[in-house]
Amino acid sequence: MLERDYMSVRFLTGKMGILFLVLPLVLLSVQLSWAQEDPLLPFSEVLDPNLKVRLKWGFDEIQGTILFELSVTTSGWIGFGFSPKGGMTGADIVIGGVGLKGNYFTDRHAEGNSMPAVDQQQNYKLLSLTESNGTTVMKFQRSIEACDVNDLPIMNLPIKLIYAYGQTDDITYHGTTKRGTKELNLLKYMPRVTPPNSNYFDMTMANFTVPANQTYYHCKIMKAPTFNQKQHIYRIGPVIENHDLVHHLLLYRCPPSVTQPSESKCYTGVNNECMEVVAVWGVGGGDFDLPAMAGLPIGGNVANFLYRLEVHYNNPNKTAGRVDNSGLRFYYTSELHQHDAAVLMTGLGVYPGYAIPPNAKSFLTYGLCDTAYIPQVLSETPQDLQVFSVMLHTHLAGRKVRVGHFRAGKQIDFLALDENYDFEYQEVTNLGKTKTVKLGDKLLVECTYHTANRTKLTWGGLSTSDEMCLAFLFYYPALNLSGCLSFPNLSALRTEMGTPDPINWLTMMSTKAWNDTSINQYQQTLKRINQVVLVTDSYKNMSRNTGTIPDLTVMPPAPCMSGCATRCLAWMSLLIWLTVQWASL
């Protein structure tokens with residue numbers, strides 16, 4: 001079971017990576033011509049049939065904010081908002097423009113088909129407003145949540161967007177041709193436009209007879225189609241023949257040392273050599289697209305690797321004789337994107353040397369990626385990683401996963417987090433904007449487990465009954481990297497726990513009385529001791545270094561503040577300024 005979960009994670013990452021890399025790529029040609037590679041505004045959509053109104057946006061669900069840029073072909077006022085039913089009534093609206101006396105920008109709400117009223121509490125933040133060559137561009141930010149009764153929340157569901165504009169800065173009735181509505185899912189945006197010169201190929205099982213086992217992982221090492229020129233994969237989709245049997249699919253790229261196709265039970269023999277994630281699919285998932293600026297490379301001067309397809313079969317009734325041909329479909333195009341994309345596995349090394357104790361309501365494990373060591377395994381000069389989506393993975397005991405981002409010894413962000421992790425609903429998460437991981441940054445993957453219902457140790461390993469703590473990062477430009485992980489220095493761990501001998505260590509851990517005190521002492525020891533930090537490339541070369549676990553901060557504060565809170569902060573700032581000025585006299 002462990003094997004299947006591990007592969008599922010890998011597969012999901014590759015697939016979702018593709019999904020998010022292709023995202024802008026699938027836009028109409030006019031959208032592509034407009035698109036600028038702004039990592040904070042990765043999504044773009046034309047709102048009107050005359051191609052005069054374009055919206056770009058990006059979001060940060062961790063900080064709880066969403067960023068918009070509205071461009072309209074006009075020298076007058078422009079308006080944008082969210083509507084319950086697509087009309088004016090109940091709409092949450094912002095209006096702005098560049099007038100003779102300067103910029104104007106207001107947060108408003110509409111009670112009917114009349115002039116929207118100005119909100120008492122202004123919750124939209126204007127970042128820039130320009131007018132040039134007959135086009136007005138308004139860039140602004142707001143909370144994803146509703147901050148007052150006149151705001152509408154933005155949820156993981158389609159929402160009706162409304163727009164309007166005028167030819168002058170006199171905000172009057174817009175008429176019937178200068179307004180409209182369009183429904184989009186801003187937080188789960190996934191346009192579907194087939195790029196030019198596109199096609200697809202499948203990598204599937206071939207008449208495989210599924211064993212009468214409750215859980216079984218089958219692997220097939222195979223060649224991909226050969227292309228004379230490099231192509232970019234922009235979408236990956238599942239090809240499922242038996243929906244009641246197939247639980248997840250993973251595709252791994254093999255190192256050059258694997259030269260022959262083969263087929264066998266997973267995690268036996270040469271299967272263990274192919275561990276670089278390319279694509280993933282899990283139950284409930286669909287097609288995954290990559291964003292417009294990047295695609296997964298295949299063909300041309302790209303190395304002619306073999307690939308390992310892993311299919312996890314869940315056969316609870318242990319039915320015999322079922323034949324399956326499931327696998328993955330890869331959509332590709334000769335119209336190359338700007339960057340090659342890739343997937344990097346980070347977190348806690350999958351190794352049986354550490355254990356999670358029973359009777360734990362909340363037990364933490366850590367995996368450290370120190371990107372300062374990446375140059376040690378690469379022949380080319382590495383670049384910063386532009387991360388656009390993440391796949392988080394634990395097994396059945398996992399409850400939370402957080403990925404902290406550190407620079408110069410300080411935490412600067414959460415790269416990703418899931419405070420309500422569910423093993424049955426794993427998916428690659430679009431970050432909403434591209435986040436830059438600079439070489440030298442550290443990434444800490446922290447997993448929280450609940451084992452209060454278990455009486456025995458849970459070891460790190462591949463089975464579902466074992467545990468993992470991983471985060472798969474989808475990024476560009478691609479590097480010849482496979483993993484950046486860590487695991488506790490086992491010699492130091494055993495010594496700290498008072499049993500240096502490996503055999504006695506296993507006995508001690510299995511017979512120890514695990515209560516709140518002993519669990520806490522063990523967890524603190526795991527965090528305090530040195531970590532062995534491993535970085536591996538696509539060819540199985542590895543660097544081995546030492547690191548320590550930094551402290552991860554709590555969740556960031558909510559972005560909304562009441563008017564009172566805002567005024568209070570303003571007064572406090574003023575008082576502090578006056579105090580400093582007084583002290584300097």
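Residues numbered from 1 in each chain as written. Predicted model: local features only at pLDDT ≥ 70, side-chain atom pairs only at ≥ 80, totals over all residues. Heavy atoms only, no water.

S.K.: Which residues make up the nonpolar core, and what are the values?
M.R.: Buried together is how nonpolar side chains tend to be arranged in soluble globular proteins. Judged by nonpolar contacts, the single largest core of 63 residues is most densely connected at Val387, Val390, Tyr475, Leu481, Leu493, Met509 and Tyr522. Contact partners of Val387, with chain neighbours within four places excluded, come to Leu415, Leu431, Lys433, Thr434, Lys435, Val437, Leu473, Phe474 and Tyr475. If you look at the next biggest cluster of nonpolar residues, it comprises 58 residues, including Ile221, Tyr313, Tyr332 and Ala341. (Core = buried A, V, L, I, M, F, W, Y, C linked by side-chain atoms within 4.5 Å. Buried < 20%, exposed > 50% of the residue type's maximum accessible area, 1.4 Å probe, protein only. Contact = heavy atoms within 4.5 Å.)

S.K.: Could you give an account of the confidence of the model for the protein chain, with specific residues and numbers?
M.R.: Per-chain confidence: the protein chain averages 85 in pLDDT, with 88% of residues scoring 70 or above. Note that pLDDT drops below 50 for residues 1-36; the model gives that stretch 220 contacts with residues more than four away or on any other chain. Predicted confidence is poor over residues 562-585, with pLDDT under 50, and the contacts of this stretch with residues over four places away or in other chains come to four contacts. (pLDDT = per-residue confidence, 0-100.)

S.K.: Explain the side chain of Arg402 residue by residue, including any values.
M.R.: Within the element layout of this structure, Arg402 appears in strand S29 (residues 398-407). Look at Arg402 and you get buried, because its relative accessible area is 15%. A polar contact is formed between the side chain of Arg402 and the side chain of Glu419, at a distance of 2.8 Å. (Helix = DSSP H or I, 4+ residues; strand = E, 2+ residues; numbered from the N terminus. Polar contact = N/O pair within 3.5 Å; in protein donor to acceptor, adjacent residues only side chain to side chain.)

S.K.: Explain the state of the cysteines to me, and be specific about the residues and the numbers.
M.R.: For the coordinates displayed, the defined rule picks out four disulfides. Between Cys369 and Cys484 runs a disulfide, and the two sulfur atoms are separated by 2.1 Å. On the sign convention where negative is left-handed, the bridge of Cys369 and Cys484, at about 100 degrees about the S-S bond, is right-handed. Placement of the pair is Cys369 in strand S27 (residues 363-370) and Cys484 in strand S35 (residues 481-488), with a sequence separation of 115 residues. When sorted by exposure, Cys369 lands in the same class as Cys484, which is buried. (Disulfide = S-S within 2.5 Å.)

S.K.: An account of the sheet that holds strand S34 (residues 469-476) is requested, with residue identities and associated values reported.
M.R.: One open sheet accounts for seven strands, arranged S31-S28-S34-S25-S35-S36-S37; its pairing is mixed. The open sheet has two edge strands with one neighbour each: strand S31 (428-437) and strand S37 (542-547). Put simply, the sheet's adjacent strands are angled 20 degrees from each other on average, direction ignored. When strand S25 (residues 342-348) meets S35, the two strands line up parallel, connected through four bridges. Within the sheet, the bridge partner assigned to Met345 lies in S35 and is Gly483. (Pairing = 2+ DSSP bridges. Axes fitted to C-alpha atoms, helices over the stretch in contact; angles between N-to-C directions.)

S.K.: I'd love a proper account of the environment of Met345, names of residues and values included.
M.R.: In this structure, Met345 sits in strand S25. Considered as a pair, Met345 and Cys369 are 24 residues apart in the sequence and their alpha carbons are 9.4 Å apart.

S.K.: Describe the packing of aromatic side chains, and please don't skip the residues or the numbers.
M.R.: Counted by the stated rule, this structure contains 24 aromatic pairs. Their ring planes at 50 degrees and their centres at 6.0 Å tell us that Tyr124 and Phe140 sit as a pair that is tilted. In this pair, Tyr124 is assigned in the loop between strand S7 (117-118) and strand S8 (125-132) and Phe140 in strand S9 (residues 135-143), connecting sequence segments 16 residues apart. Pair check on accessibility: Tyr124 and Phe140 agree, each one buried. It is Arg235 that lies over the ring of Tyr331; its NZ or CZ is 5.5 Å from the centre. Above the plane of the ring of Trp514 lies Lys512, whose end atom (NZ or CZ) is 5.8 Å from the centre. (Phe/Tyr/Trp six-rings, centres within 6.5 Å; stacked < 30°, edge-to-face > 60°. Lys NZ or Arg CZ within 6 Å of the ring centre and 35° of its normal.)

S.K.: Could you give me a rundown of the pattern of salt bridges, with the residues and numbers involved?
M.R.: Under the defined criterion, the tally for this structure stands at 18 salt bridges. Linking Glu419 and Lys400 is a salt bridge whose minimum nitrogen-to-oxygen distance equals 3.8 Å. In this pair, Glu419 is assigned in the loop between strand S30 (410-418) and S31 and Lys400 in strand S29, connecting sequence segments 19 residues apart. You can call Lys400 partly exposed: its relative accessible area is 31%. Ionic pairing is found between Asp413 and Lys435, a salt bridge with its closest N-O pair at 3.2 Å. Placement of Asp413 in strand S30 and of Lys435 in strand S31 is noted, with a sequence separation of 22 residues between them. The exposure class assigned to Lys435 is buried, which follows from its relative accessible area of 6%. When salt bridges with common partners are traced through the structure, they connect Lys400, Arg402, Glu419 and Glu446 into a single cluster. (Salt bridge = Lys/Arg side-chain N within 4 Å of Asp/Glu carboxyl O.)

S.K.: Outline the sheet that holds S29, listing residues and values.
M.R.: Strand order in the open sheet formed by four strands is S27-S32-S29-S30, with antiparallel pairing between adjacent strands. Each end of this open sheet is capped by a strand with a single partner; those strands are S27 and S30. Strand-to-strand, the axes of this sheet are offset by a mean angle of 20 degrees, without reference to chain direction. Pairing analysis gives eight bridges linking S29 to strand S32 (residues 442-449), with the strands arranged antiparallel.

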